[in-house]
Amino acid sequence: MRRRNSDFRRPVRRRFSNVFWLTLCGLAVLLLIILLSRETRDSSSRLVYTKRPYRHDRIADGLNITEEMLRPESMTRQINDQISLAKAILVIAKESNNLQFAWELSAQIRNSQMLLSNAASRRSPLTNGESESAIRDMALLLYQAQQLHYDSATMFMRLKAKIQSLEEQANSFSEKSSKYGQIAAEEVPKSLYCLGVRLTAEWFRSSNLQKNLKEEKQAAAKLVDTGLYHFCVFSDNILATSVVVNSTAMNSKNPDMVVFHLVTDEVNYAAMKAWFTMNSFRGVTVVVQKIEEFSWLNASYVPVLKQLQDSDTQNYYFSGNHDNSRTPIKFRNPKYLSMLNHLRFYIPEVFPALKKVVFLDDDVVVQKDLSALFTTDLNGNVNGAVETCMETFHRYHKYLNYSHPLIRQHFDPDACGWAFGMNVFDLVEWRKRNVTGIYHYWQEKNVDRTLWKLGTLPPGLLTFYGLTEALNPSWHVLGFGYTSVDSKLIEKGAVLHFNGNSKPWLKIGIEKYKPLWDKYVDYSHPLLQQCNFH
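These numbers come from a predicted model, not from an experiment.

About the criteria used
Residues numbered from 1 in each chain as written. Predicted model: local features only at pLDDT ≥ 70, side-chain atom pairs only at ≥ 80, totals over all residues. Heavy atoms only, no water. Helix = DSSP H or I, 4+ residues; strand = E, 2+ residues; numbered from the N terminus. Contact = heavy atoms within 4.5 Å. Phe/Tyr/Trp six-rings, centres within 6.5 Å; stacked < 30°, edge-to-face > 60°. Buried < 20%, exposed > 50% of the residue type's maximum accessible area, 1.4 Å probe, protein only. Lys NZ or Arg CZ within 6 Å of the ring centre and 35° of its normal. Expected span 1.5 Å × (residues − 1). Axes fitted to C-alpha atoms, helices over the stretch in contact; angles between N-to-C directions. Parallel < 35°, antiparallel > 145°, perpendicular 65-115°, else oblique. Left-handed = near helix turned anticlockwise from the far one by under 90°. Right-handed = clockwise from strand over helix to strand, strands pointing away. Pairing = 2+ DSSP bridges.

Participant: So, the side chain of Thr-248: which residues are in play, and what are the values?
Facilitator: For Thr-248, the location among the structural elements is in helix α9 (residues 238-250). If we ignore the near neighbours within four places in the chain, the residues touching Thr-248 are Phe-231, Val-258, Phe-260, Leu-360 and Val-366.

Participant: Account for the packing of aromatic side chains, with residues named and values stated.
Facilitator: Aromatic ring pairs are described here by two measures, namely the spacing of the ring centres and the angle between the planes. Per the stated rule, a full pass over the model turns up 28 aromatic pairs. With 5.5 Å between their ring centres and 20° between their planes, Phe-294 and Trp-296 make a pair best called stacked. Judged by relative accessible area, Phe-294 falls into the buried class, the value being 8%. Overall, Trp-296 belongs to the partly exposed group, its relative accessible area being 23%. For the pair Trp-418 and Phe-420, a centre-to-centre distance of 4.9 Å together with 85° between the ring planes defines the contact as edge-to-face. No difference in accessibility class separates Trp-418 from Phe-420, as the two residues are buried. The ring centre of Tyr-269 lies 5.1 Å from the NZ or CZ of Lys-290, which sits over that ring. When the ring centre of Phe-420 is taken as reference, the NZ or CZ atom of Arg-344 above it lies at 4.8 Å.

Participant: How would you sum up helix α2 (residues 75-95)? Please name residues and give values.
Facilitator: The end-to-end C-alpha distance of α2 is 31 Å, a good match for the 30 Å that 21 residues give at a rise of 1.5 Å each. Along α2, the positions that sit buried rather than exposed are Met-75, Thr-76, Ile-79, Gln-82, Ile-83, Ala-86, Ile-89, Leu-90, Ile-92 and Ala-93. At the C-terminal side of α2, Asn-97 shows a positive phi close to 65°.

Participant: Hey, could you go over the environment of Cys-531 for me, with residue numbers and the actual values?
Facilitator: Its place among the elements puts Cys-531 in the segment after α22 (526-530). Cys-531 sits 340 residues away from Ser-191 along the chain, and the two C-alpha atoms are 5.1 Å apart.

Participant: Explain the packing of α2 against helix α4 (residues 128-147) residue by residue, including any values.
Facilitator: Contact geometry of α2 with α4 gives a least axis separation of 10 Å together with a crossing angle of 30°. With respect to their mutual orientation, α2 and α4 come out roughly parallel. The chirality of how α2 crosses α4 is left-handed. Facing α2, whose interface residues are Met-75, Gln-78, Ile-79, Gln-82, Leu-85, Ala-86 and Ile-89, α4 presents Asn-128, Ser-131, Ala-134, Ile-135, Met-138, Ala-139, Leu-142 and Ala-145.

Participant: If you had to explain the pairing of strand β3 (residues 285-290) to someone new, which residues and values would you point to?
Facilitator: The buried fraction of β3 is high, at six of six residues. Taking every second residue as pointing to the same face, both faces of β3 are buried, with Thr-285, Val-287 and Gln-289 on one and Val-286, Val-288 and Lys-290 on the other. Crossover connection from strand β2 (residues 258-264) via helix α10 (residues 266-278) to parallel β3: handedness right-handed.

Participant: Help me get a handle on the pairing of β2, residues and values and all.
Facilitator: Counting buried positions over the seven residues of β2 gives seven, a clear majority of the element. Residues of β2 alternate between two faces, with Val-258, Phe-260, Leu-262 and Thr-264 on one and Val-259, His-261 and Val-263 on the opposite face, all of them buried. Pairing of strand β1 (residues 229-234) with β2 involves six bridges; the strand directions are parallel. Each bridged residue has a counterpart across the sheet, and for Tyr-229 the counterpart in β2 is Val-258. The parallel pair β1 and β2 is bridged by α9, and the resulting crossover is right-handed. Pairing between β2 and β3: six bridges, direction parallel. Bridge pairing links Val-259 to Thr-285 in β3.

Below is the structure:
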């Protein structure tokens, strides 16, 4: 047979066949990809659905939910929901004084709870028959509550009003508590008053006490001996001062080197002299002076005395009538305006021959030897004190008015505060830097009470700013008159300070801290027994 010429062969048919097979393979691959993606989605969805029952089981276990309560027609869940709503409405009913409705609602709550309790005891779900009556009766009461406007909005408003009322009552009680506490702290106990009267009488009728003045003159050399340990206390409280002296003497390694300089007022001078003349304190030297002896302490030199002559100042601090009694009662405490309280700023004038003094408040107890304070290096500073900035409220901004430009320009509001009550004063540096003059400057600037309100700590913070050396906190532990103190701090503390209203000689003193003070009082002393000290 004759073959066709190569030009007549059918190449077109071969090309069509290649394209067809390529297209078919592509479609097969695409179909395979689609099938695989669907299988992945199905498996992931199956994975989700297998996890869901596990999560629900955990939630049900945590909430103590039974299988019956998970059903849409659960009678138990419906009764529980009714009880929760009824309890909230019961509170409103009682507040509205609707006692009859409150009693009915309370009775129905008990019935429903009893029904649930019985079902739980027999471990079988509630049936429609036994729960139908309870659900219907509770629903009627809840509908009645709705008609009485005992809804959630009303409940919210009434509870909000109740909370506001309780807050106002709490603020009122807190204010009254603070006021009565302040009054109690200012009152002189009968026993202290009795002791002062008996000592004064004893001083003026006993010639033996007067003879002891000769011994005092013999000890005069010690009063100016800068090699001894000089302490000063400014107080009108005889017994408190006695505790300071006695506790210092009892814990001193060399009591014969200790000299106490006591300053009191005219009223208590004879009683103070009598007490420290008739009692000995392990060889400690004690001298008593009265503030009236200091002729330089007058209104022309002392800004506080000058301000006290102003009628507006007297009204502000003693009457409180000019501002509808908005001035806190603590600012009208006479001790803040007593010159015995402000005398700490005049120590170089009071003791012109001394170079270093340890100042003690009359509400402290000394339980360690304090001789090391006299060799403490103050690094050129005037005041050695324990800082009290462990908490925010003991920084400068708490005590001073930083809206005043003078305060804002000169003092860092976050500067660390420190405590009066146990302070080491370098009187040489004090005189060199004219610290009393700095105190006078700030007192005169505060004539309108815009820098600070009252007290000696705020002007002390200004006066000794940049002139205070921080001492180890164990030298001076505070808070025994108003708060709880860590037992470890008590054990390590050299001086324990009963700052606050709850003084240990008052009935409002904190009972657990009173023994720290009581052990330095000889309650067997005849005069203390006569005045009913116990």
